[in-house]
Amino acid sequence: MPVPNKTRDFLTLPNPKPAFEQVLKQQRRQWYQTIVTCAIALLVIIVCCFLVGLLDGKRLSDGVPSILNLLHQMLPPDFSDARNWGQPLFDTLAMSIAGTAIAIVFSMPLSLLAARNTTPHPLLFQVSRLILNGLRSVPELIMGIIFVAAVGFGALPGTLAVGFHSIGMVGKFFAEYIELVNEAPLEAARAAGANKVQVIYHGILPQVLPQMMDLTLYRWEYNFRASTVMGAVGAGGIGFELIGALRLINYREVSAVLLVILLMVILVDGFSSYLRKRLV
């Protein structure tokens with residue numbers, strides 16, 4: 001029986017050097033692309049900072065005395081009119097809750113139509129995406145002006161503005177959550193004979209519900225802060241008191257209102273964190 005020639009077998013092994021050099025070249029190319037991308041992004045940031053005057057040191061330094069003077073005029077806070085802020089604060093809180101509820105109610109069906117794995121037709125997918133993009137692109141203040149012109153002054157236009165703007169953002173995130181679900185439970189539900197509604201209820205919602213709850217609570221926090229500025233367009237709330245004090249150049253009352261808003265934001269944030277621990 002012939003003995004294998006180990007020296008010959010060793011010499012005929014493939015040379016790993018070309019493969020290693022190819023991998024090294026690819027890694028080097030990716031590293032260069034990353035450096036170029038970061039350099040371009042940094043250049044864009046610097047140009048934008050220059051265009052808006054953020055790099056104008058003289059202008060910024062000249063504004064420091066004005067800021068200090070304004071802070072001096074805001075101290076001490078004037079709470080003499082605080083007894084009249086209870087109802088506006090309640091209106092702001094109610095606007096944030098009702099606006100968030102509007103966003104969730106309309107975002108759920110729109111997100112199912114805007115997700116590629118649940119939409120019944122590509123046309124509905126494009127239309128729903130267009131609706132979400134359109135609602136998200138219009139700021140709350142602009143919507144507030146539109147709804148004030150439509151339904152008059154008060155908390156109602158503020159609620160509608162906050163709610164409809166939130167639909168665009170919440171619906172977008174809901175759709176992305178749905179698109180990223182694990183397909184295995186969906187295939188199992190279809191194999192068991194479930195229809196589309198049952199697949200969504202048993203296969204999709206259990207996976208995305210915790211994320212949706214977390215986003216809902218976060219959006220409520222955001223909507224409360226957004227509701228405070230609805231008073232600038234006559235949509236009621238504590239923002240109306242803030243704008244009124246600013247127009248009267250009563251900076252001490254402005255600082256008092258800002259402190260009250262800060263306290264309410266802290267309370268809303270704490271309550272939202274509590275709900276997130278209990279529900280998510």
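What you see is a predicted model, and the numbers here were worked out from it, not measured in a lab. (Residues numbered from 1 in each chain as written. Predicted model: local features only at pLDDT ≥ 70, side-chain atom pairs only at ≥ 80, totals over all residues. Heavy atoms only, no water.)

1. Observations regarding the environment of M212
Here is step 1: Topologically, M212 is positioned in helix α9 (residues 196-228).
Here is step 2: Not counting the four nearest positions on each side in its chain, M212 is found in contact with M108, F174, Y177 and I178. (Helix = DSSP H or I, 4+ residues; strand = E, 2+ residues; numbered from the N terminus. Contact = heavy atoms within 4.5 Å.)

2. Points about the side chain of S227
Here is step 1: The residue S227 is located in helix α9 in this model.
Here is step 2: S227 sits in the buried class, given a relative accessible area of 0%.
Here is step 3: Apart from the residues lying within four places of it in its own chain, the contact partners of S227 are T92, M95, S96 and V162. (Buried < 20%, exposed > 50% of the residue type's maximum accessible area, 1.4 Å probe, protein only.)

3. Structural notes on the packing of aromatic side chains
One pair of aromatic rings is described through two measures. These are the centre distance and the angle between the planes.
Here is step 1: Taken as a whole and judged by the stated rule, the model has four aromatic pairs.
Here is step 2: An angle of 40° between the planes, with centres 5.8 Å apart, marks the rings of F147 and F164 as tilted. Within this pair, whereas F147 is found in helix α6 (residues 140-151), its partner F164 is found in helix α7 (residues 155-179), the two being separated by 17 residues in sequence.
Here is step 3: A relative accessible area of 27% means that F164 is categorised as partly exposed.
Here is step 4: Where F173 meets Y177, the ring centres are 6.5 Å apart and the plane angle is 40°; that geometry is what we call tilted. In this pair, F173 and Y177 both sit in helix α7, four residues apart, roughly one turn of the helix.
Here is step 5: Among the aromatic side chains, those forming a connected cluster through ring pairs are F106, F147 and F164.
Here is step 6: Between the NZ or CZ atom of K172 and the centre of the ring of F173, over which it lies, the distance is 5.2 Å. (Phe/Tyr/Trp six-rings, centres within 6.5 Å; stacked < 30°, edge-to-face > 60°. Lys NZ or Arg CZ within 6 Å of the ring centre and 35° of its normal.)

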